[in-house]
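Given next are the chains, with one letter for each unit.
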Amino acid sequence: MKPAFTVRRARFIALCLLPGVVFVVLFTYYPVIRGAAMAFQRYNLFDLTSTPFVGLENFRAVLAEDRFWTALRNTGTWVGVSLFFQFFLGFGLALLLRRHFRGRGLYQAWVFFPWAMSGFLIGLLWRWMFNGQFGVINDLLLKTGLIDQRIGFLATPGWAMTSVIVANIWYGVTFFAIMIMAALQSVPKELYEAASVDGASRLRQFWHVTLPHIRPTLALIVLLRIIWILNFPDLIYSMTGGGPAGSTDIITTFLIQQVIGGDYGRAGAVGLLVLGLLLAFSVFYLNATRFEKAR
């Protein structure tokens, strides 16, 4: 018989939950609410004697900046290209690592290793690799004869964005490989056996058995990864700082620049715009995937 739910037990449960609730409120909800309030104030770090309510002034100032729109366009490129290659390369790796072969565990460890490193550290690593004077990328390209002089990858606008995207693809492939491998292991073997008895080829088994079974998981991890990439300024900031001339700025590095400049009001406005953008996209995406699933 289960023990009766008493007031004493309720108090004990509440006391156990209290530290976690306080932690979440202080370090998650309070900063969000405070940042949202700052978006409607003239809140400059170098003049805290006056923080008046200014309504939508910060939003108008942000939207009037060309740098904001450049960062927004760069964000679309950053997220779209990174996600495309991360997904398909990660899917391919997951299919390869699902097979049993000698040294499989060692290969998995090497593939998953980047995910154990911080984004800022990854950025520093690739910054040295793409260095225009003594970077290993230039050295390899010169030795293979693909180029005849060193390229300033991080000092040239077009090459700089390509470089940070390459680094992000290398970093993010692991996420998809891990998550898709887990999803693939959930597919019942009986389904493959039944499909094999019916004469289905490996390709048809993949298309009609594997994909339908893991589609909900794929939809969820794609959404999570989109949000993650958009909110991932660490790598860009450690590689280029948003330069040269703002060519690698994304919306979150633009936000960081507002904070460093001491204008917390504009930073709060950018934060709310990012939040609104992510919420709108998430609603649209979830509705689209739900429709696809129902069909």
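The structure displayed is predicted, hence computed values, not measured ones. Numbering of residues starts from 1 in each chain and follows the order in which that chain's sequence is written. Confidence filtering applies because this is a predicted model: local features only for residues at pLDDT of at least 70, side-chain atom pairs given and counted only at 80 or more, and all residues used for totals across whole chains, interfaces and linings. Just so you know, side-chain values use all the structure's heavy atoms and leave hydrogens and water out.

Draft legend 1. Region of interest: the UniProt feature "transmembrane region" (unreviewed entry) in the protein chain. UniProt positions are given in the numbering used here, feature names are shortened, and annotations may be inferred rather than shown by experiment. UniProt feature "transmembrane region" (unreviewed entry): in the numbering of this structure it lies at residues 12-33, 77-97, 109-129, 159-184, 205-230 and 267-286. Note on conventions: DSSP H or I runs of at least 4 residues are helices, E runs of at least 2 residues are strands, and numbering of each starts at the N terminus. In residues 109-129, the share of helix is 71% and the share of strand is 0%. The end C-alpha atoms are 23 Å apart. Summarising residues 205-230: 100% helix, 0% strand, and an end-to-end C-alpha distance of 34 Å.

Draft legend 2. Geometry of the pattern of salt bridges. Criterion for a salt bridge: a side-chain nitrogen of Lys or Arg within 4 Å of a carboxyl oxygen of Asp or Glu. Throughout the structure, instances matching the rule amount to five salt bridges. One salt bridge in this structure joins R67 and E65, with 3.6 Å as the shortest N-O distance. Close ionic contact of D139 with K143 constitutes a salt bridge, the shortest N to O distance being 3.3 Å. A residue pair is termed a helical-turn pair when its members lie 3 or 4 positions apart in one helix, as D139 and K143 do in helix α6 (residues 136-143) at four residues.

Draft legend 3. Representation of the packing of helix α3 (residues 66-98) against helix α9 (residues 202-230) within the structure. Contact geometry of α3 with α9 gives a least axis separation of 11 Å together with a crossing angle of 145°. In this structure, α3 meets α9 at a crossing whose hand is right-handed. Between α3 and α9, the contacting residues are T75, W78, V79, S82, L83, Q86, F87, F91 and L95 on the first element and F206, L211, I214, L218, V222, R225, I226, I229 and L230 on the second. Three classes are used, and their members are as follows: Ala, Val, Leu, Ile, Met, Phe, Trp, Tyr, Cys and Pro are nonpolar, Asp, Glu, Lys and Arg are charged, and the others, Gly among them, are polar. Residue composition of the contact of α3 with α9, grouped by class: 14 nonpolar, three polar and one charged. Fitted lines through C-alpha atoms serve as axes, helices being fitted only where they are in contact, and the angles separating the N-to-C directions of these axes extend from 0 to 180 degrees. Each helix crossing is assigned a hand: it is left-handed if the near helix lies turned anticlockwise from the far helix by less than a right angle, otherwise right-handed if that turn is clockwise. Residue contacts are counted whenever heavy atoms from the two residues lie within 4.5 Å of one another.

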